[in-house]
Amino acid sequence: MPPSVAVLFASAHFLGSAQALVAAVAEETGGVPLIGCVAEGVAGGAREVESGPAVSLWLAAGLGPVETFAMDFVQTASGGAYGGYRFGPGPAGVHLMFCDPFTFPASALLAHLNEHVPGTVVMGGMSSGGLRSGQSPLFLDGRVLTHGAVGAALPHAVVHPLVAQGCRPVGDPYTITSADGNLIVELGGRPPLARLRELAAALPARDRDLLAHGAHVGMVIDEYLADPGPGDFLIRGIAGADPGSGAIAVGGEVEAGQTVQFHLRDARSADEDLRRALEREAAALGGRRAAGALLFTCTGRGSRMFAAPDHDAGLVAEILGEVPLAGFFCDGELGPVGGQNFLHTFTASIALFADTPP
């Protein structure tokens, strides 16, 4: 059976030869619909290559018809507009998207889809090939783009999406009682900075050190859950604090009435979270073999987080077997949590493709 789609990831070593690489792959695959990007590092099989030159090519059959597309964001007087592709209601499937972090604000697009096209599943990541615009080329069929986003609509694919955020909650949950944009002004009627200091004083030494090196806030996705646990929160980093007012700034909009809880992130939590998510998905497959997987993992993971190499890709192989896998290290990962699409950081977002429909 001929392939329906090709997904191509190349390390930053191919920045200057991206067009030649895409042309060579297109010639070998016979013009199969293709998307991909240049990234800081790539994954293939059970391996992750973070520093050396590497290319990972993933071919999938039986997923057609596949529609590839490009999108752009244009700044306007009222904010901005997205163009190039229109998402519409239809079969669940999945939309794969790879975005330039400098020219394409993916988070706003995902928020729009959550509100206006519910049920749409978007997975992928922000390219990570360079430190400025133009250094993270995107691949679309036989072309190389240096701005916007590329994607592929796979409306008939049977996909099990998982997002492992790698955090664990600590302390008590609180209701935001006052907020302004991305500022949490009050938690349960008190300044959040005061709540954070109280938490630090009550934690054991190891957790206190983790908190000092990077506290995070988890926002409960489903307010109807009686006892939310790991996986039930959308994780956002704390971007700053005002010692005078005690307010804290987080990496995303917040609203009064939301339930939040402070979180810690470390290698052990990240390993446990991904392991738990993969075991849950293995059970959901009901004994069927996963036909393939695409891994979108953060540049802050890999050897920056774990003591041993190949952690995320290796764990997929350990729990699911030697699934054909490709992926890349992202500057932000796209994936659904609680039925809504989000842009994440420090996560492993994995699209598992079932071998046959359930």
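Before going into details, it helps to say that this report is about the structure given with it. Once a new chain begins, its residue numbering starts again from 1 and follows that chain's sequence as written. Local features in this predicted model are restricted to residues whose pLDDT is 70 or higher, and side-chain atom pairs enter the listing and the counts only when it is 80 or higher, whereas totals over whole chains, interfaces and linings include all residues. Note that water and hydrogens are dropped before the side-chain values are worked out from all heavy atoms of the structure.

Glancing now at the pattern of salt bridges. Salt bridges are defined as contacts in which a side-chain nitrogen from Lys or Arg sits within 4 Å of a carboxyl oxygen from Asp or Glu. Overall, the coordinates contain 10 salt bridges when judged by the stated rule. A salt bridge links aspartate 271 to arginine 275, with the shortest nitrogen-to-oxygen separation between them at 3.4 Å. Taken together, the residues span about one helical turn, with aspartate 271 and arginine 275 both in helix H5 (residues 267-284) at a distance of 4 residues. Beyond isolated ion pairs, a larger network of salt bridges with shared partners links Arg168, Arg206, Asp207 and Asp266. Each helix is a run of DSSP H or I of at least 4 residues and each strand a run of E of at least 2, with the numbering of both proceeding from the N terminus.

Turning next to the packing of H5 against helix H6 (residues 311-320). When two helices pack together, you describe them by how their axes are tilted relative to each other and by the distance separating the axes. Where H5 contacts H6, the axes come no closer than 10 Å and their chain directions differ by 35 degrees. Considering how the two elements wind past one another, H5 and H6 form a crossing that is right-handed. Two secondary-structure elements touch here, H5 through Asp271, Leu274, Arg275, Leu278, Glu279 and Ala282 and H6 through His311, Asp312, Leu315, Val316, Glu318, Ile319 and Leu320. Three classes are used, and their members are as follows: Ala, Val, Leu, Ile, Met, Phe, Trp, Tyr, Cys and Pro are nonpolar, Asp, Glu, Lys and Arg are charged, and the others, Gly among them, are polar. Grouping the amino acids of the contact of H5 with H6 by side-chain chemistry returns 7 nonpolar, 1 polar and 5 charged. Axes here mean lines fitted to C-alpha atoms, for a helix over just the part in contact, with angles spanning 0 to 180 degrees between N-to-C directions. The hand of a helix crossing depends on one turn: near helix anticlockwise from the far one by less than a right angle means left-handed, and clockwise means right-handed. It only takes one pair of heavy atoms within 4.5 Å for two residues to be counted as in contact.

Its place among the elements puts glutamine 75 in the loop between strand S6 (67-74) and strand S7 (81-83). Each residue is assigned to one of three classes by its accessible area relative to the maximum for its type, calculated with a 1.4 Å probe on protein chains only: buried under 20%, partly exposed between the two thresholds, exposed over 50%. For glutamine 75, a relative accessible area of 60% translates into the label exposed. Sequence-wise, glutamine 75 and threonine 103 are 28 residues apart; in three dimensions their C-alpha atoms are separated by 10.0 Å. Contacts described as polar in this section are N or O atom pairs within 3.5 Å, which, within protein, must combine one atom able to donate a hydrogen with one able to accept it, while residues neighboring in sequence count only if both atoms come from side chains. A polar side-chain atom of glutamine 75 sits 2.4 Å from the main-chain carbonyl oxygen of glycine 79.

The subject of this paragraph is unusual backbone geometry. Even without being a glycine, aspartate 141 presents a positive backbone phi close to 50 degrees. Inspection of the secondary structure assignment puts aspartate 141 in the loop between strand S10 (138-140) and strand S11 (143-145). Its relative accessible area of 29% is what places aspartate 141 among the partly exposed residues. Even without being glycine, phenylalanine 346 reaches a positive phi, approximately 65 degrees. Within the fold, phenylalanine 346 resides in the loop between strand S24 (340-344) and strand S25 (348-354). Phenylalanine 346 sits in the partly exposed class, given a relative accessible area of 31%.

This part covers the nonpolar core. To qualify as a nonpolar core, a set must consist of buried Ala, Val, Leu, Ile, Met, Phe, Trp, Tyr and Cys residues joined through side-chain atoms within 4.5 Å. Membership of the largest hydrophobic core comes to 33 residues, with the highest contact counts inside it found for Phe9, Val94, Phe98, Leu154, Leu294 and Phe353. For phenylalanine 98, the contacting residues outside a window of four places in its chain are Val7, Phe9, Ile35, Gly36, Cys37, Gly124, Gly125, Leu138, Ala149, Val150, Phe296 and Phe328.

Moving on: the sheet that holds S7. For two strands to be treated as a pair, DSSP must find at least two bridges joining them. With mixed pairing, the 7 strands of this open sheet are ordered in space as S7-S6-S12-S8-S9-S23-S24. At either end of the open sheet lies a strand with only one pairing partner, and these are S7 and S24. Neighbour to neighbour, the strand axes of the sheet diverge by 25 degrees on average, direction disregarded. Inspection of the sheet shows strand S9 (residues 122-126) paired to strand S23 (residues 333-337) by 2 bridges, in the antiparallel sense.

For the rest of this paragraph, the subject is the packing of aromatic side chains. Aromatic ring pairs are reported here in terms of the distance separating the ring centres and the angle at which the planes meet. Working definition: a ring pair exists when centres of Phe, Tyr or Trp rings (six-membered ring for Trp) sit within 6.5 Å. Plane angles under 30 degrees give stacked, over 60 give edge-to-face, the rest tilted. Applying the stated criterion to the full structure yields 11 aromatic pairs. Ring centres of phenylalanine 69 and phenylalanine 87 lie 6.1 Å apart, and the angle between their planes is 80 degrees; this geometry places the pair in the edge-to-face category. Of this pair, phenylalanine 69 sits in strand S6 while phenylalanine 87 sits in the loop between S7 and strand S8 (94-99), placing them 18 residues apart in sequence. Here the aromatic residues Phe9, Phe98, Phe296 and Phe328 are joined through ring pairs into a cluster of three or more.

Another aspect to go through is the sheet that holds strand S21 (residues 290-298). Read from one edge of the open sheet, 6 strands run S4-S3-S22-S21-S25-S13, paired in mixed fashion. Among the strands making up the open sheet, the edge pair consists of strand S4 (47-49) and strand S13 (159-164). Taking each pair of neighbouring strands and ignoring which way they run, the sheet shows an average axis angle of 15 degrees. Two strands pair when backbone bridges link them, and S21 and S25 are joined in this way by 7 bridges, in the antiparallel orientation. Bridge assignment links alanine 293 to a residue of S25, and that residue is leucine 352.

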